[in-house]
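Fold and contact review
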Amino acid sequence: MNKKYLGIDVGGTSIKYALVDEFNQLTDAESVPTPLEKQAFIEALASIINKFPDALGVGISMPGFIDSNTGYMKTAGALMNLYEKNLIELLSDAGISCPIHVENDAKCAAISEMACGNAVGVKNFVCITIGTGVGGGVVVGGELVKGNSFAAGEFGIMRQDIGSERTVSEVGAIYPSRIAYAKKHGLELEAVDGRQALTDIEIADAFYANIARMIYNLIYVLNPEKILMGGAISKDDKFLERLRQEVAESDINEHVEYEIDRCKNTNNAGLIGAVYELKKNL
């Protein structure tokens, strides 16, 4: 019998969910809006879980510093009402008794690449997601690095913009590039997407320089075999070409081997990664 598990991917605007089988294939995929109020959010999750009584467990991917051993959320991204709450306990109070595993969304992206993506068989790699902010995951020796306080891989919080205390997310993500373009060209932010923002040479140069500098540092700290790029922009071949060029021109020692590639499981990374971790812990 093909065992099936429920994957739930919580985002700031929507909750995606699907059944995930032993071969990482998805069925019954749906999404609902994300309630920001705590009780409504828990009720929404419980309603989704109750739709699939035959699922062998639930893997949940969501933003924040998350103690994946207990389900305790130190932070939860835009879901401010869930800070310092235990999601598994809240769901238990709502009548949910099946096995549940909760993991940070960027870490789930790295896990999914190890499970069935562009890092299958790769023991040492870094996954970097670029969108509104910058997130990531680190795998060393075939194991996800979670860190002492479950904050490992939070590349977006690194401060490495020369001469500034701004973080990587404030200088190397799509959102600040959009802000810069809108301000420079006198447009409303809503009228500017990431692709348009990076047509401005000055803004693009700053964007790529900051991302490349981060990757340069990670190469020497972690010596990964692969650096996998996620987020919508990673689907653009021109993005990968420019990024590879920027890093290659940053004087990486010729004896340090690395490869920059895109993530494979961009749309379903959270669902696959969360379920993969759930199965390991069952």
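Residues numbered from 1 in each chain as written. Predicted model: local features only at pLDDT ≥ 70, side-chain atom pairs only at ≥ 80, totals over all residues. Heavy atoms only, no water.

1. Topic: the sheet that holds strand β8 (residues 100-104)
Hydrogen bonding along the main chain pairs the strands of a sheet, whether they run parallel or antiparallel. The strand order across the open sheet formed by 5 strands is β3-β2-β1-β4-β8, and the pairing between neighbours is mixed. Each of the sheet's edge strands pairs with one partner strand only, and the pair in question is β3 (26-33) and β8. Averaged over all adjacent pairs, the angle separating strand axes in this sheet is 20°, with direction ignored. Direction of pairing for strand β4 (residues 58-62) relative to β8: parallel, over a ladder of 5 bridges. The residue bridging G59 from the neighbouring strand is H101, located in β8. Running at roughly 155° to strand β1 (residues 4-10), helix α1 (residues 38-50) makes contact with β1, β2 (14-21), β3 and β4 of the sheet. The sheet contacts of helix α9 (residues 269-281) involve β1, β2, β3, β4 and β8, and relative to β1 the element is tilted by about 130°. (Pairing = 2+ DSSP bridges. Helix = DSSP H or I, 4+ residues; strand = E, 2+ residues; numbered from the N terminus. Axes fitted to C-alpha atoms, helices over the stretch in contact; angles between N-to-C directions. Contact = heavy atoms within 4.5 Å.)

2. Considerations on the nonpolar core
Of all hydrophobic cores here, the largest spans 29 residues; its most connected members are I128, I130, F207, I215, M229 and F239. Elements supplying a minimum of two residues to this core: β9 (125-130), β10 (134-140), α7 (201-222), β12 (226-230) and α8 (237-248). If you tally residues by element for this core, the top one is α7, at 9 residues. Residues within four places of M229 in sequence aside, it is in contact with I128, I130, I211, I215, S234, F239, L240, L243, I260, D261, R262 and C263. (Core = buried A, V, L, I, M, F, W, Y, C linked by side-chain atoms within 4.5 Å. Buried < 20%, exposed > 50% of the residue type's maximum accessible area, 1.4 Å probe, protein only.)

3. Quick word on the packing of helix α5 (residues 174-185) against α7
Following both chains from N to C, one finds α5 and α7 inclined at 160°, their axes separated by 10 Å at the closest point. One finds that α5 runs roughly antiparallel with respect to α7. Helix-helix and strand crossings are classified by hand; for α5 and α7 the assignment is right-handed. Where α5 approaches α7, its residues I174, S177, A180, Y181 and K184 are matched on the opposing element by E202, I203 and F207. Residue classes in the contact of α5 with α7 are distributed as 5 nonpolar, 1 polar and 2 charged. (Parallel < 35°, antiparallel > 145°, perpendicular 65-115°, else oblique. Left-handed = near helix turned anticlockwise from the far one by under 90°. Nonpolar A, V, L, I, M, F, W, Y, C, P; charged D, E, K, R; others polar.)

4. Describing the side chain of E113
Looking at where E113 falls in the secondary structure, it is placed in helix α3 (residues 105-116). Of the polar contacts made by the side chain of E113, one reaches the backbone nitrogen of N118; its length is 2.8 Å. (Polar contact = N/O pair within 3.5 Å; in protein donor to acceptor, adjacent residues only side chain to side chain.)

5. Let's talk about α3
For α3, with 12 residues, the first-to-last C-alpha span of 16 Å sits near the 16 Å given by 1.5 Å per residue. With 10 of 12 residues buried, α3 lies mostly within the body of the structure. Those residues of α3 that fall on the buried side of the exposure criterion are A106, K107, C108, A109, A110, I111, S112, E113, M114 and A115. Among the residues of α3, the N-terminal cap falls to N104, whose side-chain oxygen and the backbone nitrogen of A106 are separated by 2.9 Å. (Expected span 1.5 Å × (residues − 1).)

6. Some remarks on the pattern of salt bridges
Applying the stated criterion across every chain yields a total of 10 salt bridges. Among the ionic pairs, E277 bridges to K280, the shortest N-O distance being 3.5 Å. Of this pair, E277 and K280 both sit in helix α9, 3 residues apart, which is roughly one turn of that helix. A cluster of three or more residues bridged by salt bridges with shared partners is formed by E103, E143, K146, E277 and K280. (Salt bridge = Lys/Arg side-chain N within 4 Å of Asp/Glu carboxyl O.)

7. Some details on unusual backbone geometry
One non-glycine residue, F150, adopts positive backbone phi at about 65°. Mapping F150 onto the fold places it in the loop between β11 (143-144) and α4 (168-171). One non-glycine residue, N223, lies in positive phi territory at about 50°. Relative accessible area serves as the criterion here: at 48%, N223 is assigned to the partly exposed category.

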